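Examining the three-dimensional arrangement
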Amino acid sequence: PAFEAWYTGSNMTINSGSNAGFICNNVEQQGGTNYSTATGKFTVPITGIYFFALQSNVYSVTANNYFRHGVTFNGTGFSTDEQHILGYWTVGDTGDHTLNSSLVRKLTAGDTLQPFIRTEDNAEASAGRMWQNFSGFLVA
């Protein structure tokens, strides 16, 4: 199983102070239909070791405030104990800022992962394959 999902359309508004799940509305998959463009979740089809990568881009974050992203694991909420990929950055200006994170983890069939973005103040998340991207594949 392998997938690459990305977001296109209007740039997303990210409200401050909460983890905002983002749903990628485009996907290319091989070995199943495990990423849902309806929910934004990847469901693990086969128990094994997986590699995941997450790329997020935001802008208009006020200088000296944070921007973070991650992936929740088996949850419907976004509490910190569910976060498995986490990138964190205190920005220096209101321009574009991109985070890239990756994770290798043994997972069980039926586990789910969903990406999120969080900023300390309101921001915009850029749309496009090169800006909002979540991908993964079975390693072994």
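The structure contained in this document is the topic of the report that follows.

Examining the environment of Gly70
In this fold, Gly70 is placed in strand 7 (residues 66–73). Separated by 43 residues in sequence, Gly70 and Leu113 have C-alpha atoms that sit 9.8 Å apart.

Details of the nonpolar core
Counting 26 residues, the largest nonpolar core has Phe3, Tyr35, Phe42, Phe52, Leu113, Ile117 and Phe134 as its most contacted members. Those elements that provide at least two residues to this core are strand 1 (2–6), strand 2 (12–14), strand 6 (48–59), strand 7, strand 9 (97–107), strand 10 (112–119) and strand 11 (123–125). Here this core gets 4 residues from one element, more than from any other, and that element is strand 6.

Thoughts on the environment of Glu124
Locating Glu124 in the fold gives a position in strand 11. Among the residues examined, Glu124 registers a relative accessible area of 23% and is labelled partly exposed. Taking C-alpha positions, Glu124 is 18 Å from Phe134, a pair spaced 10 residues apart along the chain. With residues near it in sequence (within four places) discarded, Glu124 still touches Asn11, Met12, Thr13, Asn57, Val58 and Tyr59. Only 3.3 Å separates the side chain of Glu124 from the side chain of Thr13, close enough to count as a polar contact.

Conventions we followed
Residues numbered from 1 in each chain as written. Predicted model: local features only at pLDDT ≥ 70, side-chain atom pairs only at ≥ 80, totals over all residues. Heavy atoms only, no water. Helix = DSSP H or I, 4+ residues; strand = E, 2+ residues; numbered from the N terminus. Core = buried A, V, L, I, M, F, W, Y, C linked by side-chain atoms within 4.5 Å. Buried < 20%, exposed > 50% of the residue type's maximum accessible area, 1.4 Å probe, protein only. Contact = heavy atoms within 4.5 Å. Polar contact = N/O pair within 3.5 Å; in protein donor to acceptor, adjacent residues only side chain to side chain.

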